[in-house]
Amino acid sequence: MLRAENVWHTYENGREALKGVDFEMGEEIVALVGQNGSGKTTLAKHFNGLLKPTRGRVTVDGMDTREHTVAELSRVVGYVFQNPEHMFFEENVFREVAFGPRNLELSEEEIEKRVKWALRVVNLEGYEDRVPYSLSGGEKQRLAIACVLAMKPKYLILDEPTTGLDARNAAGVIKVIRELREAGHGVLLITHDMDLVLELAERVVLLQEGRKVFDGPTEEFFSIDLHDYGLEKPELLRISEKLGIGFVRSVPEVVKALLGGSR
Ligand SMILES: Nc1ncnc2c1ncn2[C@@H]1O[C@H](COP(=O)(O)OP(=O)(O)OP(=O)(O)O)[C@@H](O)[C@H]1O
């Protein structure tokens, strides 16, 4: 479980970014949403210890983040940052993915196994000798996920994982996230993309000015007035409402509902 109990966070300049947030997630896909500056990144950074609560408590599978180092917590919680290309520094893809496992002091054999596995999951097999900077945007995004996956963390935090990707690459990342969930990982998705939330999230947590203002199933989230929070309902849901077919997550579901209704 990733758990935040009455977490407050004040930055050094006095900015109160979190004001008493309670949060909990297990092996599920949770979307963390809210307007710019609402505190999403600040909250997420508490789960791998990059930030510590000013007040309150954060635990990762029972470990208090104040009592553990970022290195220790990173074994359990992997964090893929937005614009991950800035984090690459090795000369080739193999070394880049091997960096994390090498720090875990695993055997060369185990490191190689993990690199191969992680590259396979993200569909980058055969890229081992490529220079990370020479990859396309979508490939870089998937490489960043592979780097974190190779550490085999139970939870993954993904910050805008599909932003800037074309439809095909975004679909590739979405597939990886689904597979991770099925394999028993928890995924925390920080995003502004309501289509992605509709497609993937099981639960949504909405922040506004450092406070949690909604926490519940995705279907319930899309039934609240999102305009109040500067968010837009996905086109697909607006269409399905006009058609009177209720909550759907994909175009095939719309088709199914329409065909079912005409019988
Ligand atoms: N290092 C910092 N020092 C001071 N204030 C900060 C720092 N990082 C973030 N903030 C402030 O804390 C508040 C919350 O920021 P945060 O990055 O958590 O929001 P966010 O919801 O992730 O926003 P976005 O959608 O723009 O990424 C904002 O007002 C931001 O300006």
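In every chain, residue numbers begin from 1 and rise along the written sequence. Only residues with pLDDT of at least 70 are given local features in this predicted model, and only at 80 or more are side-chain atom pairs given and counted; all residues enter the totals for whole chains, interfaces and linings.

- Taking an unreviewed UniProt entry as the reference, the chain is identified by name as ABC transporter ATP-binding protein belonging to Thermococcus celer Vu 13 = JCM 8558.
- UniProt positions are given in the numbering used here, feature names are shortened, and annotations may be inferred rather than shown by experiment. Turning to the chain, the UniProt record has this under Sequence similarities (unreviewed entry): "Belongs to the ABC transporter superfamily."
- Per its UniProt entry, the chain bears the Function (unreviewed entry) comment "Probably part of an ABC transporter complex. Responsible for energy coupling to the transport system."

### A closer look at the sheet that holds strand β1 (residues 2-10)
Working step 1: Pairing between strands is defined by DSSP: at least two bridges between them are needed. Strands here mean DSSP runs of E at least two residues long; helices mean DSSP runs of H or I at least four residues long; both are numbered from the N terminus. Strand order in the open sheet formed by 4 strands is β2-β1-β4-β5, with antiparallel pairing between adjacent strands. The sheet is open, and its two edges are formed by β2 (16-25) and β5 (63-64), each paired on a single side.
Working step 2: Relative to β2, β1 is paired through 7 bridges, and the arrangement is antiparallel. Bridged to Leu-2 within β2 is Met-25.

### Focus on the nonpolar core
Working step 1: In terms of nonpolar packing, the biggest core is built from 67 residues, with Leu-32, Ala-146, Ile-157, Leu-188 and Leu-189 touching the most fellow members.
Working step 2: Among the elements that make up this core, the one with the highest residue count is helix α5 (residues 137-149) (7 residues).
Working step 3: Here Ala-146 is in contact with Val-97, Ala-118, Leu-119, Val-122 and Leu-124, once residues within four sequence places are set aside. Buried Ala, Val, Leu, Ile, Met, Phe, Trp, Tyr and Cys residues form a nonpolar core when they are connected through C-beta atoms within 7 Å. As a rule, residues whose C-beta atom has 12 or fewer other C-beta atoms within 10 Å are exposed, those with 20 or more are buried, and those in between are partly exposed; C-beta atoms are placed from the backbone. Here the contact rule is simple: place C-beta atoms from the backbone, and any two residues whose C-beta atoms are within 7 Å are in contact.

### Some details on the sheet that holds strand β9 (residues 203-208)
Working step 1: Taken in spatial order, the 6 strands line up as β6-β7-β8-β3-β9-β10 in an open sheet, and their pairing is mixed. A strand with exactly one partner marks an edge of an open sheet, and here the two such strands are β6 (77-80) and β10 (211-217). Pairwise comparison of adjacent strand axes, ignoring direction, gives a mean angle of 15 degrees for this sheet.
Working step 2: On top of the sheet, helix α6 (residues 167-182) reaches β3 (29-33), β7 (155-159) and β8 (186-190); it is set at about 145 degrees to β8, its chief contact. The axes are straight lines fitted to the C-alpha atoms, using for helices just the contacting stretch, and the angles between their N-to-C directions are given from 0 to 180°.

### Some words on α6
Working step 1: The span one expects for a helix is its residue count, reduced by one, times 1.5 Å. End to end, α6 covers 22 Å across 16 residues, agreeing with the expected 22 Å (1.5 Å per residue, within 8%).
Working step 2: Taken together, the buried positions of α6 are Ala-170, Gly-172, Val-173, Val-176, Ile-177 and Leu-180. Down the axis, α6 shows its buried residues gathered within 155 degrees of arc, on one side only. Residues of α6 that are exposed and point over 90 degrees away from its buried face: Ala-167, Arg-168, Glu-179 and Glu-182.
Working step 3: Buried positions along α6 lie against β3, α4 (108-121), α5, β7, β8 and α7 (194-200). The directions considered for the arc are those from the helix axis to the C-beta atoms.

### Focus on the UniProt feature "domain: ABC transporter" (unreviewed entry) in the chain
Working step 1: Using the residue numbers shown here, the UniProt feature "domain: ABC transporter" (unreviewed entry) corresponds to residues 2-234.
Working step 2: End C-alpha to end C-alpha, residues 2-234 measures 28 Å, and it is 33% helix and 25% strand.

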